[in-house]
Amino acid sequence: VPPIITLTTDFGVGSSYVAALKGVVLSIHPEVRLVDLSHAIEPQQIAQAALLLAETALLFPPGTIHLAVVDPGVGTSRRIVAVEIEGHWFICPDNGILGRLLQKCHKDQAGPPAKMFEITSERYFRQPVAPTFHGRDIMAPAAAHLSLGVAPEELGQPLSSLQQLDWPGVVMRANRLAGEVVAVDSFGNLVTNITGDQLQGLPVDTGLSVLCAGHETRGLFTTYADQPAMTLMALVGSNGHLELAIVGDHASRMLGIRVGAEVVIEW
Amino acid sequence: VPPIITLTTDFGVGSSYVAALKGVVLSIHPEVRLVDLSHAIEPQQIAQAALLLAETALLFPPGTIHLAVVDPGVGTSRRIVAVEIEGHWFICPDNGILGRLLQKCHKDQAGPPAKMFEITSERYFRQPVAPTFHGRDIMAPAAAHLSLGVAPEELGQPLSSLQQLDWPGVVMRANRLAGEVVAVDSFGNLVTNITGDQLQGLPVDTGLSVLCAGHETRGLFTTYADQPAMTLMALVGSNGHLELAIVGDHASRMLGIRVGAEVVIEW
Amino acid sequence: VPPIITLTTDFGVGSSYVAALKGVVLSIHPEVRLVDLSHAIEPQQIAQAALLLAETALLFPPGTIHLAVVDPGVGTSRRIVAVEIEGHWFICPDNGILGRLLQKCHKDQAGPPAKMFEITSERYFRQPVAPTFHGRDIMAPAAAHLSLGVAPEELGQPLSSLQQLDWPGVVMRANRLAGEVVAVDSFGNLVTNITGDQLQGLPVDTGLSVLCAGHETRGLFTTYADQPAMTLMALVGSNGHLELAIVGDHASRMLGIRVGAEVVIEW
C-alpha cells in the first residue's frame, strides 16, 4: 500500500499554498496518498493545531506521515523537525505544535520521543528555498522523501528536546477547578482545556456547577440528548475534554463566548 | 481497485471530527480511497444532506460506500443503518437522510430498498463508543469493515422500513403551484423543491410567472446566458430543480431570500 | 501509478457541484486519484483561478490532468478546450483561465502551446448535457477519458489560439511603477500583480517607497521576521509577487484594502 501523508495547515481552505504543498509532495513521490486533516486552523494558532493533532493523528494507521505547517516563526531561527511518536512521523516547525499529543502519550511515562531530528539536509530541500514558505520548500519535500524510504537520520541531526507548547493550565483548588475555552467546534460547542481525567471523583449531579462568562449550568451529562432543546449543559465530549453545549443551538454565538473565556467548576 | 468511501457530514470543513473519521476508516482499511463529498452541510440540516446525496451519490461507480453523518439524534434511540441503493451502500443514521435519493430512485416503483440493516454488531464498533460521536465509533468502522468485504448481514439485523424525510411538499392547484427554496448554491442561486417533471406541460414563455418574496420573473429559460446581466430569471438547473438566479450576481444576498422562502408559479 | 486529476472550481467548498464532478470522473475511470486544488475561487473570478494555476499546477508531476471549471460563459459560444503545457493537460473553458500560466511559461519564447484542442466530440460527453453545467457533462468526462488514454486528438479539433486573460497591467515610468492588489491570502497579505522580476535593479532600502490606499512602507524585505510585529512591510512572496503584509496581523482587514486597490512603487 502506498504511504499516507496527512496535511494540517493554517493556509485556509482552498488556498493556493495548500495546492502548492500537494504538488511538491506528489512530484517527489507520485504514489503517496494525501489526506487533508484541516486547512482551517486559524492563522498562526499553534494551540488549535496541537489540539487537532492530539485528537486525530494517532487514529491513522502506524507509518502515517503527518505534515503540519502552522509556522508563524518562518524566517526566524526556529527549527524544522521530524519526530516519531508511536510509529507515526511528524514533520513540522518546532514551535510546540506536537505539545498536546506528547502530553497525551507520555502522561504515564517520562521523557521525550526517542527519535527526533532537526531537518537540515539541504539536498532534500526544494531549491531555491523561499524565505517565507518553508512548508513548500523544506517540510513538504522532507515528508515526501521520508515516504519514499529515506532514513530519518538522513534528514538532519538528532535532537534531544522540543519547544514546549504555550497551553493554558488548569488551576485546581479545594472544590474549585479553573480552566478556559480552547476551541469552538462547528456546532458552536465550547471545548475547554479541562479533561475528563481531571473530573474523576467529582459529583456529576447538581452538586457540581460549571460557570462561564456569567452563565451557569449544573451537573455533568453523557450526551446532548440528555437535556431538552435550548438548554445549556456540560459534558465530556468525544475528545475527552469538558465542553459546554446548548442543545440544538450554537452556544458560542448565542452566549457570545469565544476561545480564551474562563471556565470554572465548583462543587 | 481499492474501494471508495465518500464522506458527507455537517462537521464543518477542516473540523477535527472530519479528520477523526478519516483516521478511523484508514486504520481499519488502509487501502480505502476517501473522497470528500461535503463537510459544509449546515449543522443538523438533514434535508440539505439528503438533497446532496440525491444529486451526487449515484454518479459514483457502483460499489461505492457512502458514509453520511448528519446526526442530531446522537444519543437517542434513533437507529444507525446500512442500506443498499442501486449497487451503492449508505451508512448513516436512520433520520431521513436517504429520503430524496429513495424518492428519486423509486419514483416508478413501489417499495423500500431490498437490503437494509440496522447496525448493531458491537464487534465492529470502535471501543469505547463515545455517546456523542457515533460517526467515529460506529458508522466509520461499519463503512470500513464493509469495504473490507464483511457481509452487510454481519453488521446487524435486517430492517423493513426507514424513517421518512421531513421534506416540504409542492402544492399543486389549477394554474398554481407552490413550493419553497430548499438550498442556496455558492453562486447565490435559489434552488427550489419544484422539479422539472412537475413543470411538464406548463407554458415556458411569459404566460408563466414565478414569484418569490415579492419579486416576480416571467418565463422559463434554458441557461444563464439567455438573459442579460443583473436580470432575475427562472430555469431548471443541472440537478433537475427549478431555480431562481440573478445573472452574474448573488440572488440570495441581493434579494435577501433564504432557505424556506415560498416560491409560487402561476400560469 | 494511476493518473492524477486535480480539481479547481468556483463552486464553493462543500458544494454539491464539486461532489458531482468527482462522481462523474470516478464513474468513467475508477482508478483516478483526485486532488482538490481549490473550490474557494470567488464566483466567476477567472483571474483568481488563473493565478492559482500559474502558482501551483506545474508543481505536480508531468502527466497530471488539471480540470479547472470557472465558467461564467456556460451556455454561450465560448469554447471548451484541452491544452498541453509542459507535459500537463488542462481541461477548462477558453476564457483566459490559463493566461497567467502561459505568460509564465512563454516569457522567453514566442507562441502558444503546441497541442490545443477544442472539445467537441459528443461521444465523450455525459448525456443529456445540462445547459448550465458543462463542468459535469463535458469537462469532467473529457478529463476522465484523457486519463484513460484517449488521445487528445479524439476529443475535438486542433486550435491555433486561446482567449487572452483580462489581467491588470503594471505601468512602468521613470522611478515609478504602478500595479494593483490581485489577491488576498488567508493571512491577509496583499498580493500584487508586480513580480520580483519587475523589481530587479531597484533599491531595496529606504530609497524605495511602496504606497497603497494612503499607506506607505519603505524598503523591500526578505521574510516576515525582518520587521517587528504590527509593522506594514513589503516583500516578494513565495509565489514571486510583491506583497504587502502586516507582521502577525491581517493587512487586508486592518487597512480595509481589497483586490483591485492600486499599489505604487516610487524610488
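Residues numbered from 1 in each chain as written. Chains lettered and ligands numbered in written order. Predicted model: local features only at pLDDT ≥ 70, side-chain atom pairs only at ≥ 80, totals over all residues. Heavy atoms only, no water.

Student: Talk me through empty space enclosed by the protein; I want residue IDs and the actual numbers.
Tutor: Applying the stated rule across the entire model yields three cavities of 30 Å³ or more. What the largest cavity holds in volume is close to 350 Å³. Considering the residues around the largest cavity, the lining is formed by 24 residues, among which Val13(A), Val13(B), Asp36(B), Val13(C) and Asp36(C) are closest to the centre. For the lining of the largest cavity, the secondary structure elements donating two or more residues are helix H1 (16–28) and strand E2 (33–38) of chain A, helix H1 (16–28) and strand E2 (33–38) of chain B together with helix H1 (16–28) and strand E2 (33–38) of chain C. Split into classes, the residues belonging to the lining of the largest cavity amount to nine nonpolar, nine polar and six charged. Of the voids in this model, the second largest cavity is the one considered here, and its volume is about 50 Å³. Considering the residues around the second largest cavity, the lining is formed by Val81(B), Pro93(B), Asp94(B), Asn95(B), Gly96(B), Ile97(B), Leu98(B), Gly99(B), Leu102(B), Leu162(B) and Gln163(B). Of the residues that constitute the lining of the second largest cavity, the class distribution is six nonpolar, four polar and one charged. (1 Å grid on protein atoms, 1.4 Å probe; cavity = no way out; pocket = protein on both sides within 12 Å on 5 of 7 lines; lining within 4 Å. Points joined across faces, edges and corners; volume = space filled by probe spheres on them. Helix = DSSP H or I, 4+ residues; strand = E, 2+ residues; numbered from the N terminus. Nonpolar A, V, L, I, M, F, W, Y, C, P; charged D, E, K, R; others polar.)

Student: So what about the packing of aromatic side chains? Which residues, and what values?
Tutor: Residues and elements named next belong to chain B. Under the defined criterion, the tally for this structure stands at 15 aromatic pairs over all chains. Ring geometry for Phe11 against Tyr17: centres 5.9 Å apart, planes inclined by 80°, an arrangement best described as edge-to-face. Taken as a pair, Phe11 and Tyr17 share a single burial class, namely buried. When the centroid spacing of 5.5 Å and the interplanar angle of 70° are considered together, the rings of Tyr17 and Phe133 count as edge-to-face. Here Phe133 lies in the loop between strand E6 (116–119) and helix H4 (134–148) and Tyr17 lies in helix H1, a separation of 116 residues in the sequence. The same class applies to Tyr17 as to Phe133, namely buried. (Phe/Tyr/Trp six-rings, centres within 6.5 Å; stacked < 30°, edge-to-face > 60°. Buried < 20%, exposed > 50% of the residue type's maximum accessible area, 1.4 Å probe, protein only.)

Student: Which residues make up the interface of chain B and chain A, and what values do they have?
Tutor: Chain B puts 29 residues into the contact, and the matching count from chain A is 27 residues. In this assembly, chain B and chain A are joined by zero salt bridges. Taken together, the connections running from chain B to chain A amount to 10 residue pairs in polar contact (both at pLDDT 80 or more). Examining the composition of the side of chain B that touches chain A, we find that nine residues originate from one element, H1(B), more than from any other. A breakdown of the residues in the side of chain B that touches chain A according to their chemical character gives 14 nonpolar, 10 polar and five charged. (Contact = heavy atoms within 4.5 Å. Salt bridge = Lys/Arg side-chain N within 4 Å of Asp/Glu carboxyl O. Polar contact = N/O pair within 3.5 Å; in protein donor to acceptor, adjacent residues only side chain to side chain.)

Student: Give a detailed account of the interface of chain A and chain C, specifying residues and quantitative values.
Tutor: Listed as interface residues are 29 residues of chain A and, on the opposing side, 27 residues of chain C. In total, about 2,300 Å² of surface goes out of reach between chain A and chain C, with carbon and sulfur atoms giving 64% of it. In terms of residue count, the dominant contributor to the side of chain A that touches chain C is H1(A) (nine residues). The residue inventory of the side of chain A that touches chain C, partitioned by class, reads 14 nonpolar, 10 polar and five charged. (Buried area = accessible area lost by both parts, 1.4 Å probe.)

Student: Outline the relation of the copies chain B and chain A, supporting the account with residue identities and numerical values.
Tutor: Turning chain B through 120° and shifting it by 0.0 Å along the axis lays it on chain A, with an RMSD of 0.0 Å. Both chain copies can therefore be described as sitting about a three-fold axis. It is Val13(B) whose C-alpha, among those of chain B, lies nearest the rotation axis, at 4.5 Å. Little of the interface of chain B is mirrored in chain A, where only 3% of its interface residues are also at the interface. (Least-squares fit on C-alpha atoms with pLDDT ≥ 70 in both.)

Student: Describe the environment of Ala57(B), listing the residues and the values that go with them.
Tutor: All names here are of chain B. Examined against the element boundaries, Ala57 turns out to sit in the loop between helix H2 (46–56) and strand E3 (65–69). Separated by 33 residues in the primary sequence, Ala57 and Phe90 have C-alpha atoms spaced 9.4 Å apart. Not counting the four nearest positions on each side in its chain, Ala57 is found in contact with Leu52, His66, His88 and Phe90.

Student: Tell me about the sheet that holds strand E7 (residues 156–158) of chain A, residues and numbers included.
Tutor: Hydrogen bonds between backbone atoms are what pair the strands of a sheet, whose relative direction is either parallel or antiparallel. All names here are of chain A. Sheet architecture is open: seven strands sit in the order E2-E1-E3-E5-E4-E6-E7, paired in mixed fashion. Where the open sheet ends on each side, the last strands, each with one partner, are E2 and E7. Across the sheet, the mean angle separating the axes of adjacent strands is 25° when strand polarity is ignored. One ladder, built from five bridges, connects strand E1 (residues 4–9) with strand E3 (residues 65–69); its direction is parallel. Across the sheet, residue Leu7 finds its bridge partner in E3, namely Leu67. Contacts from helix H2 (residues 46–56) reach E1, E2 and E3 within the one sheet, and its direction differs from that of E2 by about 125°. (Pairing = 2+ DSSP bridges. Axes fitted to C-alpha atoms, helices over the stretch in contact; angles between N-to-C directions.)

Student: Lay out the pattern of salt bridges with the relevant residues and their values.
Tutor: All names here are of chain B. The tally for this structure, following the rule as stated, stands at 24 salt bridges over all chains. For Glu154, the salt bridge goes to Arg123, with nearest N and O atoms at 2.7 Å. Pair noted here: Glu154 is in helix H5 (residues 152–155) and Arg123 is in the loop between E6 and H4, with a separation of 31 residues, a long-range link. Between Asp137 and Arg126 there is a salt bridge, and its shortest N-O distance comes to 3.0 Å. In this pair, Asp137 is assigned in helix H4 and Arg126 in the loop between E6 and H4, connecting sequence segments 11 residues apart. The class of Asp137 is buried, set by a relative accessible area of 0%. Using a relative accessible area of 28% as the deciding quantity, one classes Arg126 as partly exposed.

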